[in-house]
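Residues per chain, in single letters:
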Protein chains: 2
Amino acid sequence: MDKHPEDMNLKEIFIEMKNISELIVDLAYSSVLFDSEAIADEVYALEETMDELHYQLTIRALLASRTREDAEQISEILNVATAIKDISNHAQNIAETVARDLDIHSVIQESLKYTDEKIFRVELEEQSKLIGIPLRESELASRIGVTIIAVRRGKRWVYNPPKRFIFSNNDVLMARGTEEGHLILKEIAKGRRSKW
Amino acid sequence: MDKHPEDMNLKEIFIEMKNISELIVDLAYSSVLFDSEAIADEVYALEETMDELHYQLTIRALLASRTREDAEQISEILNVATAIKDISNHAQNIAETVARDLDIHSVIQESLKYTDEKIFRVELEEQSKLIGIPLRESELASRIGVTIIAVRRGKRWVYNPPKRFIFSNNDVLMARGTEEGHLILKEIAKGRRSKW
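Read on for an overview of the structure. (Residues numbered from 1 in each chain as written. Chains lettered and ligands numbered in written order. Predicted model: local features only at pLDDT ≥ 70, side-chain atom pairs only at ≥ 80, totals over all residues. Heavy atoms only, no water.)

1. Side note on the nonpolar core
Turning to step 1, where the next piece is worked out: If you look at the biggest cluster of nonpolar residues, it comprises 86 residues, and the most contacted ones within it are Leu23, Leu27 and Ile94 of chain A together with Leu23, Leu27 and Ile94 of chain B.
Turning to step 2, where the next piece is worked out: Contact partners of Leu27 of chain B, with chain neighbours within four places excluded, come to Ile39, Glu42, Val43, Leu46, Ile119, Trp157 and Met174 of chain B.
Turning to step 3, where the next piece is worked out: Formed by 20 residues, the second largest nonpolar core is a distinct cluster that contains Leu140, Phe165, Phe167 and Trp196 of chain B. (Core = buried A, V, L, I, M, F, W, Y, C linked by side-chain atoms within 4.5 Å. Buried < 20%, exposed > 50% of the residue type's maximum accessible area, 1.4 Å probe, protein only. Contact = heavy atoms within 4.5 Å.)

This is the structure we're talking about:
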């Protein structure tokens, strides 16, 4: 997200909402699987952004309705937007089980283990060799089988980062890959591994 | 899904529900993007399966609650299961806009176009060279950049098919890839292309 929701047009808001809804479901499962409050926090932050986007979209939609035809089209957009917001709401419900700290979701965790590829969260540290190089050059996908599905930089998100995306210190990477790929990326992110 | 929900245990049901919830959101967006009733129909079928799974999970959960500790753990499982079911419910709401046939969701379609990779649906025909060979040998991912995310065979679904999965006539493939990959896979599925 390069712009604040207030400065985005209807289409930009819609794209952002769709991106969040796809990412947030994966992250919610991942937070439970790893019992990770850090990942659950990403879910809450995305959910908050989603609420703001939904509000801004509603405002824009209402202002754009002039004729009956406008209103029909826009009512459909609002329906879909609300469904998208609700998806992220329920993803948040899933992530909230992490905070309850009851250690009673073993059935859920057991079930989630049954996937080869998992979503994980890795934060880049100053010493990491990834910093300053573009995603293309990192060759993470071909070399360690890890796909970067989103990056959070402070409060900004980049979904499906393009190949020219350049890694920066403190970037929080959301990645998809095997457990082995996860371990390697963690080492790279901490600067403990300079070749891969 | 190899078993009917009635014959599955709690964990198996849970895994199935999670798999559906991830697939159905992608398919719902895809149905709108391509204005495809065939894809919307897959969404409805998955949503129906989800309802059945949720019911079976609830029954099992209630039968398994004996002590207070059981009940606490199980109430958490039911919370998560309901959130998962609700996600698929809202995905269905998104897909339903296709059936309304109002041709008024251009804003939505325009927004969905802004992704390099799309989810599409391809049905294997008798002449296809894919039939009878395992996913591994097909090398669809490395050669045409297409990932098979699920396969429907009649009423049975296989999510994230393993490398040993063997394609069969009439298999319905849900795939992720670029528009170019989509076109090539369509040709392969129809038997119009024997090399790729």
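Next comes the rest of the write-up.
2. What to know about the sheet that holds strand β4 (residues 172-177) of chain B
Residues and elements named next belong to chain B.
Turning to step 1, where the next piece is worked out: Ordered by their spatial adjacency, four strands build an open sheet running β1-β4-β2-β3, and the pairing between neighbours is antiparallel. Here the strands that pair on one side only, and so sit at the sheet edges, are β1 (118-123) and β3 (156-159). Adjacent strand axes in the sheet meet at a mean angle of 20° when their direction is disregarded.
Turning to step 2, where the next piece is worked out: Summarising the sheet, β1 and β4 pair through six bridges and their orientation is antiparallel. Paired with Ile119 across the strands is Arg176, a residue of β4.
Turning to step 3, where the next piece is worked out: Contacts from helix α1 (residues 10-33) reach β1, β2 (147-153), β3 and β4 within the one sheet, and its direction differs from that of β3 by about 95°. (Pairing = 2+ DSSP bridges. Helix = DSSP H or I, 4+ residues; strand = E, 2+ residues; numbered from the N terminus. Axes fitted to C-alpha atoms, helices over the stretch in contact; angles between N-to-C directions.)

3. Here we look at unusual backbone geometry
All names here are of chain A.
Turning to step 1, where the next piece is worked out: Phi is positive for Asp35, which is not a glycine, with a value near 50°.
Turning to step 2, where the next piece is worked out: Mapping Asp35 onto the fold places it in the loop between α1 (10-33) and α2 (37-64).
Turning to step 3, where the next piece is worked out: Unlike most non-glycine residues, Glu139 shows phi in positive territory, near 50°.
Turning to step 4, where the next piece is worked out: Here Glu139 is to be found in the loop between α5 (135-138) and α6 (140-144).

4. A word on the side chain of Ser30 of chain B
Residues and elements named next belong to chain B.
Turning to step 1, where the next piece is worked out: The residue Ser30 is located in helix α1 in this model.
Turning to step 2, where the next piece is worked out: Taking relative accessible area as the criterion, Ser30 reaches 3% and is therefore assigned buried.
Turning to step 3, where the next piece is worked out: Excluding residues that lie within four positions of it along the chain, Ser30 makes contacts with Ile39, Ile119 and Phe120.

5. Notes on the relation of the copies chain B and chain A
Turning to step 1, where the next piece is worked out: In the superposition of chain B on chain A (RMSD 0.0 Å, axial shift 0.0 Å), the rotation amounts to 180°. Here the copies are linked by what is in effect a two-fold axis. No C-alpha of chain B lies nearer the rotation axis than that of Ile87 of chain B, which sits 2.5 Å from it.
Turning to step 2, where the next piece is worked out: A high fraction, 100%, of the interface residues of chain B reappear at the interface in chain A, so the copies pair face to face through one surface. (Least-squares fit on C-alpha atoms with pLDDT ≥ 70 in both.)

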